[in-house]
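For reference, the chains in residue letters:
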Amino acid sequence: MRTPLSRIADFWIAIATALGVVALTIPLFLNPIWVGFEQGRAGATAWTGFSEADLRSATDSILSDLVFGPPDFDVAVGGAPVLEERERAHMRDVRGVFIGFFVVAIVLAAVALAVAVMRRPDQRPRTWRGIHAGAIGLVATLLVAGIVAFVAFDALFEVFHRLLFAGGSYAFDPSTERLVQLFPFRFWQETAIAVGAVAILAALIVAAVARRRLAAAPAGHSGPVAFESSRP
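These figures come from a predicted structure and were not determined experimentally.

(A) Here's a closer look at the packing of aromatic side chains. In this structure the tally under the stated criterion is ten aromatic pairs. Between the aromatic rings of F101 and F102, the centroid separation amounts to 5.4 Å while the plane-to-plane angle is 75°, which identifies the pairing as edge-to-face. When its relative accessible area of 23% is taken as the criterion, F101 is described as partly exposed. For the ring pair F183 and W188, a centre distance of 6.1 Å and an interplane angle of 50° mean the geometry is tilted. Residue classification places F183 among the buried residues on the basis of a relative accessible area of 8%. You can call W188 partly exposed: its relative accessible area is 38%.

(B) Just unusual backbone geometry, in detail. Omega for the bond connecting G69 with P70 falls within 30 degrees of zero, at -5°, which places this linkage in the cis form. Structurally, P70 is set in the loop between α4 (52-67) and β1 (76-77). Its identity as a non-glycine residue notwithstanding, F73 has a phi of 50°, on the positive side. Position of F73 relative to the elements: it lies in the loop between α4 and β1.

(C) Expanded view of the pattern of salt bridges. Within the structure shown, the criterion is met by eleven salt bridges. R88 is paired through a salt bridge with E85; the nearest N and O atoms lie 3.1 Å apart. Here the residue R88 and the residue E85 both occupy positions in helix α5 (residues 85-118), the gap between them amounting to three residues, near one helical turn. Residue class for R88 comes out buried when judged on its relative accessible area of 17%. In this structure E85 comes out as partly exposed when scored by relative accessible area, which is 42%. In this structure, the salt-bridge partner of E190 is R186, at a minimum N-O distance of 2.7 Å. Taken together, the residues span about one helical turn, with E190 and R186 both in helix α8 (residues 185-215) at a distance of four residues. Among the ionic contacts, a cluster of salt bridges with common partners joins E38, R41, R186 and E190.

Procedures and definitions
- Residues numbered from 1 in each chain as written.
- Predicted model: local features only at pLDDT ≥ 70, side-chain atom pairs only at ≥ 80, totals over all residues.
- Heavy atoms only, no water.
- Phe/Tyr/Trp six-rings, centres within 6.5 Å; stacked < 30°, edge-to-face > 60°.
- Buried < 20%, exposed > 50% of the residue type's maximum accessible area, 1.4 Å probe, protein only.
- Helix = DSSP H or I, 4+ residues; strand = E, 2+ residues; numbered from the N terminus.
- Salt bridge = Lys/Arg side-chain N within 4 Å of Asp/Glu carboxyl O.

Structural data, given as structure tokens:
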């Protein structure tokens, strides 16, 4: 019979799988090529009044500070700072959220890998079931979020920010503040759709691999074993 510890381990593996897929997907979009493409679609040059060269210079500096640090976000165009202090403070908060998310994802993945290595051969199908459950759970979650975003993206965007940031620290005026001129609403809407679509595709691939591994498991190992040790 399955012990409470083994159930916790299975759940841990599922959560680690879901967060791992998201953690591997997000960096694909933190690059100048994608950001520049979406800024073009969102009309960032018109919003900011910057030339294309100045827009690229400012955006590349902000991306570099976000991904690599230090998180100064003090880029200037024509000798004038692009972002005000409140905008720079928000970007530092964003970087903190990113770092926190990736640390959690790495810790979850490391523990899940340790659990998988510790399991006996006849317990390994449970690991693949956990991976499959995590991947399918992520697909279901993203599909629901996508449906909600389709009808009310602005409300979902607001809820997301309220959960992660202090009230009022993320509200900016697109008529006067550069941060939302550099990254207009359409930029975030289309980027969220792209991230979700790629994460769903990646999760489906992971689920398919897990299902194949389960199907290839020796007879008698694909279901619950009659007796288990205290190992998770």
